[in-house]
Amino acid sequence: MEMNRRRFAGLMALAPLAYRPGAAAAQVPVTFAGKTVEWTIPYGEGGGNDAWARFFAPYLSKYLPGNPTVVVRNVPGGGGLSGANSFARRASSNGLALLGLSGSNQFPYLLGDPRVQYDYRNFIPVLVSPTGGVVYLPTSLGIKDASDLKSLGDRELVYANTGATALDLVLMLAFELLGLNVRHVFGMSSRGETRIAFERGEATIDYQTSSSYLANIVPLVEMKKVVPLFSLGALDANGNLVRDPTFPDIPNFLEAYVMMHGQAPKKDSMLDAYLAFFSAGFPAQKMAVLPKNTPPEFVEAYRTAFAAAVTDPELQERKEDILGDYQQATGAAADKLFEVATHISPATRAWMREYLQTKYNVKL
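Residues numbered from 1 in each chain as written. Predicted model: local features only at pLDDT ≥ 70, side-chain atom pairs only at ≥ 80, totals over all residues. Heavy atoms only, no water.

Engineer: Just to check I follow, could you spell out the overall build of the protein for this structure?
Structural biologist: Secondary structure assignment for the protein yields 14 helices and 12 strands. A globule of 364 residues ought to have a C-alpha radius of gyration of about 21 Å, and the protein, at 20 Å, matches this closely. Once the C-alpha set of the protein is aligned to its principal axes, its extents read approximately 65 × 45 × 35 Å. Taking all 364 residues of the protein together, 57% fall into the buried category. Sequence-distant contacts, at least 24 apart, represent 79% of the contacts inside the protein between residues at least 6 apart. Summed over all atoms, the accessible surface of the protein reaches about 15000 Å², with 50% contributed by carbon and sulfur. Side chains of the protein give 34 positive and 34 negative charges; the mean places of these two sets differ by 5 Å. (Helix = DSSP H or I, 4+ residues; strand = E, 2+ residues; numbered from the N terminus. Rg over C-alpha atoms; globule rule 2.2 N^0.38 Å. Buried < 20%, exposed > 50% of the residue type's maximum accessible area, 1.4 Å probe, protein only. Contact = heavy atoms within 4.5 Å. Areas by Shrake-Rupley, 256 points an atom, 1.4 Å probe, with all protein chains shown as cover. Lys, Arg positive; Asp, Glu negative; His and termini not counted. Charge placed at Lys NZ, Arg CZ, Asp CG, Glu CD.)

Engineer: What's the story with the packing of helix H5 (residues 168-178) against helix H14 (residues 346-360) in this structure? I'm lost.
Structural biologist: Two measures define how a pair of helices packs: the angle their axes make with one another and the distance between the axes. Where H5 contacts H14, the two axes come as close as 13 Å, and the packing angle between them is 70 degrees. Viewed along their axes, H5 and H14 adopt a mutual orientation that is roughly perpendicular. Between H5 and H14, the residues in contact are Leu169, Met172, Leu173 and Glu176 and Trp351, Met352, Tyr355, Leu356, Lys359 and Tyr360, respectively. Its residues assigned to classes, the contact of H5 with H14 shows 8 nonpolar, no polar and 2 charged. (Axes fitted to C-alpha atoms, helices over the stretch in contact; angles between N-to-C directions. Parallel < 35°, antiparallel > 145°, perpendicular 65-115°, else oblique. Nonpolar A, V, L, I, M, F, W, Y, C, P; charged D, E, K, R; others polar.)

Engineer: Please clarify how unusual backbone geometry should be interpreted in this entry.
Structural biologist: Most peptide bonds take the trans form, and the phi angle of most residues other than glycine is negative. Of note, the phi angle at Asn67 is positive, near 50 degrees, even though the residue is not glycine. With respect to the helices and strands, the residue Asn67 is situated in the loop between helix H2 (48-63) and strand E2 (69-74). The residue Lys224 is not glycine, and still its phi comes out positive at about 65 degrees. Mapping Lys224 onto the fold places it in the loop between helix H7 (210-222) and strand E9 (226-231). On the basis of relative accessibility, which here comes to 64%, the residue Lys224 falls in the exposed class.

Engineer: I would appreciate a short explanation of the nonpolar core in the present structure.
Structural biologist: Among the nonpolar cores identified, the biggest contains 51 residues, and Ile205 and Tyr274 are the most heavily contacted of them. Counting only elements with at least two residues in this core, the list comes to helix H4 (103-111), strand E5 (133-138), strand E6 (157-161), H5, E9, helix H8 (253-261), helix H9 (269-281) and H14. Ignoring any residue separated from it by four or fewer positions in sequence, one finds Ile205 in contact with Val135, Tyr136, Leu137, Leu157, Val158, Tyr159, Phe175, Leu180, Val182, Phe198 and Leu229. One finds Phe55, Phe56, Ala305 and Val310 within the second-largest nonpolar core, a separate group that totals 34 residues. (Core = buried A, V, L, I, M, F, W, Y, C linked by side-chain atoms within 4.5 Å.)

Engineer: What exactly am I supposed to notice about the packing of H9 against H14 here?
Structural biologist: The interhelical angle for the contact between H9 and H14, taken along N-to-C directions, is 110 degrees, at an axis separation of 10 Å. Between H9 and H14, the angle is such that the two are roughly perpendicular. Contact residues: H9 offers Ser269, Met270, Ala273, Ala276 and Phe277, while H14 offers Thr348, Trp351, Met352 and Tyr355.

Engineer: Explanation requested: empty space enclosed by the protein in the structure shown.
Structural biologist: With the rule as written, the count across this model stands at 2 cavities of 30 Å³ or more. Volume-wise, the largest cavity comes out at about 140 Å³. For the largest cavity, the lining is made up of 15 residues, of which Tyr43, Asn49, Ser102, Ser104 and Arg191 are closest to its centre. Broken down by class, the residue content of the lining of the largest cavity amounts to 3 nonpolar, 10 polar and 2 charged. Put simply, the second largest cavity is a space of about 60 Å³. In terms of lining, the second largest cavity is formed by Trp52, Ser129, Pro130, Thr131, Ser210, Ser211, Lys286, Ile322, Leu323, Tyr326 and Gln328. Secondary-structure elements contributing two or more residues to the lining of the second largest cavity are H7 and helix H12 (320-323). The class makeup of the residues in the lining of the second largest cavity is 5 nonpolar, 5 polar and 1 charged. (1 Å grid on protein atoms, 1.4 Å probe; cavity = no way out; pocket = protein on both sides within 12 Å on 5 of 7 lines; lining within 4 Å. Points joined across faces, edges and corners; volume = space filled by probe spheres on them.)

Engineer: Is there a simple way to think about the sheet that holds E2 in this case?
Structural biologist: What links the strands of a sheet is backbone hydrogen bonding, and the strands pair in either a parallel or an antiparallel sense. If you walk across this open sheet you meet the 5 strands as E2-E1-E3-E12-E4, and the pairing is mixed. The sheet is open, and its two borders are formed by E2 and strand E4 (123-129), each paired with just one other strand. Adjacent strand axes in the sheet meet at a mean angle of 25 degrees, parallel and antiparallel pairs treated alike. Pairing analysis gives 6 bridges linking E4 to strand E12 (residues 286-291), with the strands arranged antiparallel. Each residue of the ladder has a partner; that of Leu127, found in E12, is Ala288. Most of the contacts of helix H10 (residues 296-309) go to E4, to which it runs at about 5 degrees, and overall it touches strand E1 (36-41), strand E3 (97-102), E4 and E12. (Pairing = 2+ DSSP bridges.)

Engineer: Can you help me understand the pattern of salt bridges in this one?
Structural biologist: Pairing of side chains with opposite charge becomes possible as their charged atoms draw close. Counted by the stated rule, this structure contains 12 salt bridges. Of the charged contacts, one joins Arg191 and Asp168 as a salt bridge, the two residues approaching to 2.8 Å between their closest N and O atoms. Of this pair, Arg191 sits in helix H6 (residues 191-199) while Asp168 sits in helix H5, and the two are 23 residues apart along the sequence. Each member of the pair, Arg191 as well as Asp168, carries the same accessibility label: buried. Between Arg191 and Asp206 there is a salt bridge, with the nearest N and O atoms lying 2.4 Å from each other. Placement of the pair is Arg191 in helix H6 and Asp206 in strand E8 (residues 206-209), with a sequence separation of 15 residues. Taking relative accessible area as the criterion, Arg191 reaches 10% and is therefore assigned buried. The exposure class of Asp206 is buried, given its relative accessible area of 0%. Shared partners join several salt bridges into a network, and the residues in it are Asp168, Arg191 and Asp206. (Salt bridge = Lys/Arg side-chain N within 4 Å of Asp/Glu carboxyl O.)

Structure (structure tokens):
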């Protein structure tokens, strides 16, 4: 845990920096005029990753030289692995192929999942978007906030899960640390699909990343159909878990634990794993990457375009409902976040692999 804190202390100092083209960068002029950029999202429509890409697409078109058409292509399946694997095998390095990744792609990679056919060392980050997430229940359960959770007793909650090695891994650890009786229904293709299952009453506890929560769940909260329990939190400059700035009125996970149990969780391997995978999955939760062999001048064009996009006045005015109150990282800051998100300690990896095999029969 201390290693994560030291690493993030240096990282967060860089987070506000925007990319500025260096003297060594290739200066060959490029144009995308008349071209179509295909932005692959390995998740279904309606989830946080889909909303994120569709939000950025017109701004990317605006700031890439020649103003190409940017098309978001959804390739769901395998908890986000199918589309990422396909991109890694087939994507051209001609500057017209962009991939949107999330923590659900990072986790299987970090755990050594044999289904993973992509390697983060073969990707170049051009945008990294931090995010958060909020866990919520239907108001019909009679729970007003996390302090009421003990009243559930052994009552079973149903959680629609996109995969034990996907981003939902953080939620699996959170529910177990809290002591909730949660039955996981695996096989969902996206958080959009899990949200629909929740709205139909097929699931009784759910979480959405910030963009989807703001767009799809806040209206349900306002209609008194849903009650938020806790956010996953955010990391401060010292690597400590604090309240998510996008949801300052919602307790973070550790605060919810105290509300439920009256004391902080004990420091053990499970809590360490929660903090490690949260750190890998959310401060760099969404990434736009290019194939490694993309010519430098095209990489430069994307980095410059995204750096301009994140400061666009219209984007700044519209961003709250999709991006939340998070600093979007480009250039050097994106590189640093990318590095953190794609590395964990060997001890945490070993513990997590054993946990998944013992608890969920996931053999990696």
